[in-house]
Amino acid sequence: MGETENHQHHHPPPPQVVAPPAAPPPNFALSRGPTWTPAEQLHQLQYCIHSNPSWPQALLLAFQHFIVNLGTTVLIASTMVPRMGGNHGDKARVIQVLLFMSGINTLLQTLIGSRLPTVMGVSFAYTLPLLSIINDYTDEAFGTEHDRFVRGIRTIQGSLIVASFVNIILGYSRAWGELTRFFTPIVMVPVVCLVGLGLFARGFPLLGNCVEIGLPMLILLIISQQYLKRVHSRAHLILERFALLICIGIVWAFAAILTVSGAYNNVKTATKLSCRTDRSYLMSSAPWIKIPYPFQWGTPIFRASHVFGMIGAALVSSAESTATFFAAARLSGATAPPAHVLSRSIGLQGIGMLLEGLFGSLVGTTASVENVGLLGLTHIGSRRVVQISTGFMIFFSIFGKFGAFFASIPLPIFAAIYCILLGIVAACGITFIQFANSNSMRNIYVLGVSLFLGLSIPQYFVMNTTGDGHGPVRTNAGWFNSILNTFFSSPATVATIVGTVLDNTLEARQVDDRGIPWWKPFQHSKGDARTEEFYSYPLRINEYIPTRFL
């Protein structure tokens, strides 16, 4: 019997064979190692902004901050006081006042200002206004050179007092903070870089004045702090934190041996001044005890022609301080300082400048780049350490003989230290690029132009500035000349102007390219939960201050 259609067998169709997808081309970028994600805070610090080492270690670390700050103080006093007509005793008193005001201003900034571990040291931005004042009194007849010095420092006092109100108004009106809202990570790279690189003249050019002392200091510091620390675990702790003090002691003793043995008896005068340990004349001229007090040089002299130059220097020191605050935040484990913190810190810097005018300081102060570099060198960003250092500054400013002993360290030793510390701050600026698109040609353009002009324009102004302080800008308006010549002699200020203008006017393909999504929360007091932790006032002072001032 034939099969009906009900009995027919239905076989399923054979499965179709799907060809496997082609393997993707090899990604050579991934094969070369891991990709590092951006880090808002450095995690390799042993102590961050609000953690503290033991008291013995904190004292030694604070003394290191004092020594680093002392080098810049002695340098500007040794350069300017003789040109003003001052003698060795005047130089010793000027150093005492500068140290005293550094201590007071540092304590104020760490307590109620930026709250960052930054030492407030002397600023070289005031060099041009000083040269202008010196030049004005050069041709006048005085009974003695000391009288010319006193007249000059009284004029500096008056100019500092008037110029201080510019910073006070900019700060406490919050105008400065509003200006910083135009900053992005792309702007911060050249600004922070050049606040370190712009001080290159304090590095090897100064070291080269006495190579046989400066170069051994540089080599010894690198070897001991970076290589010898691997020998033993205990050596690692000591050398990483205190190698700077150890190396200064060794090389200073070596310089003293060369001086006593007569190695510098038959050399040029400039070499003697740089190399000998007995050429500062501070030990013999410094008083045993001298407390700085207001108007110690006499009544301030107010001259409009010098006030404008000092105003320009005050603005430049504010721009440099702002860049240094961002570097200090990175190297102390804090988040980027918000706009209201920058405003109050600049306002307080103005108050400090007013005090400097009253006490008769030679120049105003700014956040010390060298001391911020020391945070990175020691891996310790503790605020308490910097606050303790103010005790050393105030003590050695009052007891002059003790301070003069350390102030007699030859300047090439300090120059060797700056070669490393300033480089650390410059490299810290480069790290801000991690928050923006470093592959964007637009960003590369902004960075390149800002970095190059930030170095090149100030170099042009320095090369074309005469010994009496007259720069390339020479119009009939002296106040206009003073401000512009001061502005464009500062690498950090030029980088701030060029970078901010370019970054805020050139069109970006995406907002993320400029790093704004990362940057924006840190510009507001409530934008990041950690802001209160790092930047709030101590002792619950916030509760007694109106919200609009916080």
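Scroll up a little and you will see the structure.
Quick caveat: nothing in here was measured; it's all calculated off a predicted structure.

Rules and cut-offs
- Residues numbered from 1 in each chain as written.
- Predicted model: local features only at pLDDT ≥ 70, side-chain atom pairs only at ≥ 80, totals over all residues.
- Heavy atoms only, no water.
- Helix = DSSP H or I, 4+ residues; strand = E, 2+ residues; numbered from the N terminus.
- Buried < 20%, exposed > 50% of the residue type's maximum accessible area, 1.4 Å probe, protein only.
- Contact = heavy atoms within 4.5 Å.
- Areas by Shrake-Rupley, 256 points an atom, 1.4 Å probe, with all protein chains shown as cover.
- Lys, Arg positive; Asp, Glu negative; His and termini not counted.
- Charge placed at Lys NZ, Arg CZ, Asp CG, Glu CD.
- Patch = residues over 30% accessible without salt bridge, like charges linked within 9 Å, V, L, I, M, F, W, Y side chains within 5 Å.
- Salt bridge = Lys/Arg side-chain N within 4 Å of Asp/Glu carboxyl O.
- Disulfide = S-S within 2.5 Å.
- Phe/Tyr/Trp six-rings, centres within 6.5 Å; stacked < 30°, edge-to-face > 60°.
- Expected span 1.5 Å × (residues − 1).
- Arc of directions from axis to C-beta.
- Axes fitted to C-alpha atoms, helices over the stretch in contact; angles between N-to-C directions.
- Parallel < 35°, antiparallel > 145°, perpendicular 65-115°, else oblique.
- Nonpolar A, V, L, I, M, F, W, Y, C, P; charged D, E, K, R; others polar.

J.: Before we go on, may I ask you to explain the overall build of the chain in this structure?
T.: The number of helices and strands found in the chain is 22 helices and two strands. Principal axes of the C-alpha set define a box for the chain whose edges measure 145 × 55 × 50 Å. For the chain, with 550 residues in total, the buried portion stands at 54%. Within the chain, counting contacts between residues at least 6 apart in sequence, those at least 24 apart form 85% of the total. Total accessible area on the chain is roughly 24,700 Å²; 65% of this is exposed by carbon and sulfur atoms. When the 35 positive and 25 negative side-chain charges of the chain are each reduced to one mean point, those points stand 10 Å apart.

J.: Explain a nonpolar patch on the surface to me, please; I cannot follow it from the model alone.
T.: Taken together, the side chains of Ile 219, Ile 222, Ile 223, Tyr 227, Leu 228 and Val 231 make up a nonpolar region of the molecular surface, amounting to roughly 560 Å² of accessible area. By the element assignment, Ile 223 lies in helix α8 (residues 211-227). Classification of Ile 223 as partly exposed rests on a relative accessible area of 39%.

J.: Explanation requested: the state of the cysteines in the structure shown.
T.: Defined simply, a disulfide is a covalent bond joining two cysteines at their sulfur atoms. According to the stated counting rule, one finds one disulfide in the structure shown. With its sulfur 2.1 Å from that of its partner, Cys 210 forms a disulfide with Cys 275. Measuring handedness by torsion sign, the sulfur bridge of Cys 210 and Cys 275 sits at about 125 degrees and is right-handed. Residue Cys 210 is located in the loop between α7 (204-207) and α8, and its partner Cys 275 is located in helix α10 (residues 269-275); the two are separated by 65 residues in the primary sequence. Each of the two residues, Cys 210 as well as Cys 275, counts as buried. There is no disulfide at Cys 419, and the cysteine sulfur nearest it, in Cys 247, is 14 Å away.

J.: Explain the environment of Asn 265 here, please?
T.: Secondary-structure assignment places Asn 265 in the loop between α9 (233-260) and α10. Separated by 135 residues in sequence, Asn 265 and Leu 130 place their C-alpha atoms 34 Å apart.

J.: Help me understand unusual backbone geometry, please; the structure alone is not making it clear to me.
T.: What is expected of a backbone is that most residues other than glycine have negative phi and most peptide bonds are trans. Positive phi is not limited to glycine here, since Arg 115 has a value of about 65 degrees. Along the chain, the position of Arg 115 falls in the loop between α2 (88-112) and β1 (120-122). For His 379, which is not a glycine, the phi torsion comes out positive at approximately 65 degrees.

J.: For this particular structure, what's the right way to read the packing of aromatic side chains?
T.: If you walk through the whole model with that rule in mind, you get 27 aromatic pairs. Ring geometry for Phe 63 and Phe 66: centres 5.8 Å apart, planes at 40 degrees, overall tilted. One end of the pair is Phe 63 and the other is Phe 66, both in helix α1 (residues 55-84) and three residues apart, which spans about a single turn. Residue classification places Phe 63 among the buried positions, given a relative accessible area of 16%.

J.: Please clarify how α8 should be interpreted in this entry.
T.: The periodicity of an α-helix, 3.6 residues per turn, causes residues three or four places apart in sequence to face the same way. In this model α8 runs 23 Å from its N-terminal to its C-terminal C-alpha over 17 residues, within 8% of the 24 Å that 1.5 Å per residue would give. Within α8, the full set of buried residues consists of Ile 213, Gly 214, Met 217, Leu 218, Leu 221, Ser 224 and Gln 225. Projected down its long axis, α8 carries its buried residues within an arc of 155 degrees, all on one side. Those residues of α8 that are buried lie in contact with α7, α9, α10, α14 (369-378) and α17 (411-430).

J.: Even after reading the chapter, I still don't get the packing of helix α6 (residues 185-197) against helix α20 (residues 491-505), so can you show me in this structure?
T.: At their nearest, the axes of α6 and α20 sit 8 Å apart, and the two run at 170 degrees to each other. Overall, the two elements α6 and α20 adopt an arrangement that is roughly antiparallel. Residue-level contacts link Ile 186, Val 187, Pro 190, Val 191, Leu 194 and Val 195 of α6 to Pro 491, Ala 492, Ala 495, Thr 496, Gly 499, Thr 500 and Asp 503 of α20. By residue class, the composition of the contact of α6 with α20 is nine nonpolar, three polar and one charged.

J.: How should the pattern of salt bridges be read in this particular structure?
T.: Note on pairing: side chains with opposite charge can pair once their charged atoms come close. Under the definition given, this model contains eight salt bridges. Notably, a salt bridge pairs Asp 503 with Arg 442, separated by 2.7 Å at the nearest N-O pair. With Asp 503 in helix α20 and Arg 442 in helix α18 (residues 441-463), the pair connects residues that are 61 residues apart, well separated along the chain. Here the two residues Asp 503 and Arg 442 agree in accessibility, since each one is buried.

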